There are 2 protein chains.
Amino acid sequence: MKRVTIGDVAAHAGVSTATVSRVINGGVVAETTATRVWDAISSLDYSPNALTKSIFAGRSNTIGVVIRDLSSPFYLDLIRGIDEVAAANNSLVMLANTFRRDDREAAQVRAMDEQRVRGLIVTTGAAADSPTRRMADNGTPCVIVSRVVDGMHSISLDNVRAGELMAAHLAACGRTSVGVVSASRRPSQTERVQGLGVPESAVTVAEAPEDAPAAVDALLATGPLDAVVCTSGRLTAAVYSALTARGVSVPDDVAFLAVDEFPWAETLGVTVIAQPTYDMGKKAAELVIESPAEPVSLVFEPTLIVRRSCGEVSG
Amino acid sequence: MKRVTIGDVAAHAGVSTATVSRVINGGVVAETTATRVWDAISSLDYSPNALTKSIFAGRSNTIGVVIRDLSSPFYLDLIRGIDEVAAANNSLVMLANTFRRDDREAAQVRAMDEQRVRGLIVTTGAAADSPTRRMADNGTPCVIVSRVVDGMHSISLDNVRAGELMAAHLAACGRTSVGVVSASRRPSQTERVQGLGVPESAVTVAEAPEDAPAAVDALLATGPLDAVVCTSGRLTAAVYSALTARGVSVPDDVAFLAVDEFPWAETLGVTVIAQPTYDMGKKAAELVIESPAEPVSLVFEPTLIVRRSCGEVSG
DNA sequence: TTGAAAGCGCTAACAT
DNA sequence: ATGTTAGCGCTTTCAA
C-alpha cells in the first residue's frame, strides 16, 4: 500500500519535483505546465504529506489542546471556539484529556511538544509547571485557560466579579444566609467564594458530583439557610438534585444560584452566572495564531442570567 | 529560537546520531554510553520530533476524529472514549468539527489524510463519500459512527430496537397515540421512528432546537396525543420546554420519552433510551488500532432507563 | 520557467 | 557496541 509521493506526480507529469511543489504552493510556473501537473495530481489522487511539510516549517500547523476534564460541558464550547479559529486558519486541533491527573497532564503536554504543535492551550491544573513552561521558553505560544500564570498568556473569567454579581443578586432577593458548594480549593473556585463574601464556615467542598449529597447535608446542618450557591458547573445538577431530594423547595425555602450556563437552565428556571466560553476558546486560539511577544492576560466578564430560582427581586 | 536536534545531543554526548536514536528507542547500547546520552538529553532539554519519526513510519501516531456537530453532548462521551484508548496506545487525537456542513466535512477529512493519521473516526453525514472512501482505499482504517456503510468499519446503535423499546414502554404505560419529533430524515432517525411503529403523519422534523416549538405545535395540532417522543438528544431540552410552556403536563397529559441520556434526566425524571456512547468511542478507537482486514460493523444495544415521565406501568 | 541538488531531523541497514 | 551512509517526502537555493 505505497503512498503516492510528489516524485510520482513529477514523473507522471514529466517535470521535476520542484515544479510540482511550486504548482501546489503557488510559485511561478507556466500555465501549461501547471495544468499538466494538476492533471497528474488528480489522476494519481495525490495527497501531499503535511508531516513532511512541517519538518521544513520547523513546526506543524496544529493547535494542541490539553483539557483537564473532558466531561465538563464548559470545555465543549471552549473547544468549539478553538476549532472555529483553527479551521479559519486551516489548522487542526490536537486534543488530549488528562482525566484530572497532573502526571497525565505533564505527559500530554510533552506529547504535544513532540508533535511540534504551533501553539498550546491548556486548561489546568499544574500546567504552569515545567513542561508547559519549557515549551513556552522554546518559543511555542502557550495559553493557560482558567488561571492566570506569571509570564504566560492566559484566558480567564473575572471570578471575584462573578462572586460579587451573585452576592448582589442574592441580596436583592432578600437572601441573607447563603451556603456554598465549591469544587476545590483552586484559585478559580476560591476567588468566586471571595467575591461572594461569605464566611469560610459557609463553604463545603465537593470534589466530584458523587460528593454533592454529603456536601449539601453538611451545609444544611450548619444552620438555617435561605440560599445555596454552586460555584462549579460540574456540580450543578448534583447539588440541585440533592437539594430537591431533601424536600427543599427552590426558591421558596432556599434560593439556588449556579456558575455556568447549561442547556436545561432555561426550562428549570435556574439563575446562573454565565461565562462566554465560546469566545474564550476563540480568543485562546487567536492568541496562539498571533503569538504576541509579551504575555497577554485576557480576563472575561461574567454575566448574570436571572431566572426563577432566587425568587423575586424585592424593591 | 533553533530547536535542539538529535545531532546536538549526539555532539554533546560525543557519539553518533544513530546511537542517540538507539538509546531513545531502546536498541543495544553500552550502559555507560546510555547514561552519557541521557545526560546530554536532559541537559539540552531535548524533545524528539515526532513529525520526523512519523515520516519513516509512513504515518503519524494520531487518530483523526471528525465530528459533525460538536455541540451535541453525545459526542463528548464518544471523544472521551476515543481519547482513553488513544492515550493507552500513546497516540493523540486530532479533532475537527464540521458544523453540520458537508463541504467542511470533506475538507476536514482530506486534512486528516494529509496529516497521515493512523486512522479516522467520522460521525456523519456524507462521510461515506469520496474523501473518506479514498482514505480507506489507501489503507487508512476508517470507522463510521452512527451509520452503517458498505465495505467500511462502523459503530452504531440498534436504532430499530431503540424504537421498539420505546413503543413497548409506551404501550405498557397505556399510551396509545404518540407523536414524534425527529431531527432529520437520515437513517439513524428514521430507523428509530420505524421501530416505534407510528404512522408517518405522527412525525415532525425539527432540524435545530430553534425549530422545536413549531414542531411541537404541529404535533399538537394533529389531534389528541397522550405521548411525545423525541428521537434526538440535541432536541430533548427544546422539545420538553416547548411542551411544558404550552401548559402540557408531563406525564399527566402526555408521556415524554427521549433518546440519549443527559445529566439532568434523573432530576427531571425523564425516561430515556441510553446509548453506551463512551464504549462506542472506545470501540471505534480500538478498531482503528487493530485495523482489521475485513470491514467490521459493530451494533450496540440501547437501554431503556425508566423514570417518571411516562407515568405508571399498568399491569 | 524549470531542473539538479542539498538538506529538514530522524531511522535503518550495513559496516566495523 | 558503535559509526557511516542512505534514504523518508518534501522545500528551497542555485544554475541553467
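Residues numbered from 1 in each chain as written. Chains lettered and ligands numbered in written order. Predicted model: local features only at pLDDT ≥ 70, side-chain atom pairs only at ≥ 80, totals over all residues. Heavy atoms only, no water.

Draft legend 1. Structural view of the overall build of chain A. Along chain A, the regular secondary structure elements total 13 helices and twelve strands. In terms of overall dimensions, chain A is more spread out than a globule: its C-alpha atoms have a radius of gyration of 25 Å, far above the 20 Å expected for 315 residues. C-alpha extents for chain A along the principal axes are approximately 85 × 40 × 35 Å. Counting all 315 residues of chain A, 53% fall into the buried class. A sequence separation of at least 24 residues applies to 66% of the contacts in chain A between residues at least 6 apart. (Helix = DSSP H or I, 4+ residues; strand = E, 2+ residues; numbered from the N terminus. Rg over C-alpha atoms; globule rule 2.2 N^0.38 Å. Buried < 20%, exposed > 50% of the residue type's maximum accessible area, 1.4 Å probe, protein only. Contact = heavy atoms within 4.5 Å.)

Draft legend 2. Fine view of the protein's contact with DNA strand D. Around DNA strand D there are 26 residues in total, and Ile6(A), Tyr46(A), Arg22(B), Thr33(B) and Phe56(B) lie nearest to it. Atoms of DNA strand D within 4 Å of the protein: sugar and phosphate make up 56%, bases the balance. Taking Thr19(B), its side chain carries an N or O atom lying 2.7 Å from a phosphate oxygen of DNA strand D. Thr33(B) has a polar side-chain atom sitting 2.3 Å from a phosphate oxygen of DNA strand D. At the level of secondary structure, the elements contributing two or more residues to the surface near DNA strand D comprise α2 (17-25) and α4 (50-57) of chain A together with α2 (17-25) and α4 (50-57) of chain B. In terms of residues, the surface near DNA strand D owes the most to one element, α2(A), which gives five residues. Taken together, the residues of the surface near DNA strand D sort by class into twelve nonpolar, ten polar and four charged. (Near = heavy atom within 4 Å. Polar contact = N/O pair within 3.5 Å; in protein donor to acceptor, adjacent residues only side chain to side chain. Nonpolar A, V, L, I, M, F, W, Y, C, P; charged D, E, K, R; others polar.)

Draft legend 3. Main features of the interface of chain B and chain A. Contacts between the two partners involve 54 residues from chain B and, on the opposite side, 54 residues from chain A. Taken together, the two surfaces of chain B and chain A that pack against each other cover about 4900 Å², and 61% of this comes from carbon and sulfur. If you sort the residues of chain B by the area they bury against chain A, Arg3(B), Leu51(B) and Trp264(B) come out on top, with a joint share of 16%. Our count for the chain B to chain A interface comes out at four salt bridges. Notably, a salt bridge pairs Arg3(A) with Asp113(B), separated by 2.4 Å at the nearest N-O pair. (Buried area = accessible area lost by both parts, 1.4 Å probe. Salt bridge = Lys/Arg side-chain N within 4 Å of Asp/Glu carboxyl O.)

Draft legend 4. Molecular detail of the UniProt feature "domain: HTH lacI-type" (unreviewed entry) in chain A. If you check UniProt for "domain: HTH lacI-type" (unreviewed entry), the listed places come out as residues 4-57 of chain A in our numbering. As annotated, residues 4-57 of chain A comprises 72% helix and 0% strand, and the C-alpha atoms at either end are separated by 22 Å. (UniProt positions renumbered as here; feature names shortened; annotations may be inferred.)

Draft legend 5. Broad picture of the protein's contact with DNA strand C. Around DNA strand C lies a shell of 26 residues, among which Arg22(A), Thr33(A), Phe56(A), Ile6(B) and Tyr46(B) are the nearest. Ser16(A) is positioned with one of its backbone polar atoms (N or O) 2.9 Å from a phosphate oxygen of DNA strand C. Between a phosphate oxygen of DNA strand C and a side-chain N or O atom of Thr19(A), the distance comes to 2.6 Å. Among the elements of the structure, α2 and α4 of chain A together with α2 and α4 of chain B are those that each provide at least two residues to the surface near DNA strand C. Among the elements that line the surface near DNA strand C, the one with the most residues is α2(B), at five residues. Among the residues making up the surface near DNA strand C, the classes are represented as twelve nonpolar, ten polar and four charged.

Draft legend 6. The arrangement of helix α5 (residues 73-88) of chain A in detail. When the terminal C-alpha atoms of α5(A) are compared, their 23 Å separation across 16 residues agrees well with the 22 Å that a helix rising 1.5 Å per residue should span. Taken residue by residue, α5(A) has Phe74(A), Tyr75(A), Leu76(A), Leu78(A), Ile79(A), Arg80(A), Gly81(A), Ile82(A), Asp83(A), Val85(A) and Ala86(A) as its buried positions. (Expected span 1.5 Å × (residues − 1).)

Draft legend 7. Main features of the packing of aromatic side chains. Across all of its chains, the model carries eight aromatic pairs over all chains by this definition. With a centroid separation of 5.3 Å and 65 degrees between ring planes, the pair formed by Tyr240(A) and Phe256(A) is classed as edge-to-face. With a gap of 16 residues between them, Tyr240(A) in helix α11 (residues 236-245) and Phe256(A) in strand β9 (residues 255-259) connect regions that are remote in the sequence. When sorted by exposure, Tyr240(A) lands in the same class as Phe256(A), which is buried. Ring pairs connect the aromatic residues Tyr240(A), Phe256(A), Phe262(A) and Trp264(B), which therefore count as one cluster. (Phe/Tyr/Trp six-rings, centres within 6.5 Å; stacked < 30°, edge-to-face > 60°.)

Draft legend 8. Empty space enclosed by the protein, seen in detail. Scanning the entire structure with this criterion turns up two cavities of 30 Å³ or more. Each pocket or cavity is described by its volume, and for the largest cavity that value is around 440 Å³. Around the largest cavity, the lining is made up of 24 residues, and of these Tyr75(B), Ser146(B), Ser188(B), Gln189(B) and Ser232(B) lie nearest the centre. Residue assignment for the lining of the largest cavity shows that the elements contributing at least two residues are α5 (73-88) and α9 (187-196) of chain B. Ranked by residues supplied to the lining of the largest cavity, first place goes to α9(B) with four residues. In this structure, the second largest cavity encloses a volume near 60 Å³. Leu51(A), Ser60(A), Thr62(A), Met94(A), Gln115(A), Leu51(B), Ser60(B), Thr62(B), Met94(B) and Gln115(B) are the residues that line the second largest cavity. Residues belonging to the lining of the second largest cavity are distributed by class as follows: four nonpolar, six polar and no charged. (1 Å grid on protein atoms, 1.4 Å probe; cavity = no way out; pocket = protein on both sides within 12 Å on 5 of 7 lines; lining within 4 Å. Points joined across faces, edges and corners; volume = space filled by probe spheres on them.)

Draft legend 9. Representation of the nonpolar core. By size, the foremost hydrophobic cluster in this structure holds 54 residues, and its most contacted members are Val239(A), Phe256(A), Trp264(A), Val239(B), Phe256(B) and Trp264(B). Sequence-distant contacts of Val239(B), that is, excluding residues within four places in its chain, are made with Val181(B), Ala212(B), Val216(B), Val228(B), Cys230(B) and Phe256(B). Membership of the second largest hydrophobic core comes to 48 residues, among which are Val93(A), Ala284(A), Ala285(A) and Ala86(B). (Core = buried A, V, L, I, M, F, W, Y, C linked by side-chain atoms within 4.5 Å.)

Draft legend 10. Here's a closer look at the environment of Ser154(B). All names here are of chain B. Structurally, Ser154 can be placed in strand β5 (residues 153-157). A residue is classified by how much of its surface remains accessible, and Ser154, at 0% relative accessible area, is buried. Placed 117 residues apart in sequence, Ser154 and Val37 show a C-alpha to C-alpha distance of 46 Å. Ignoring anything within four residues of it in the chain, the contact list for Ser154 reads Val143, Ile144, Arg147, Val148, Val149, Val296, Ser297 and Leu298.

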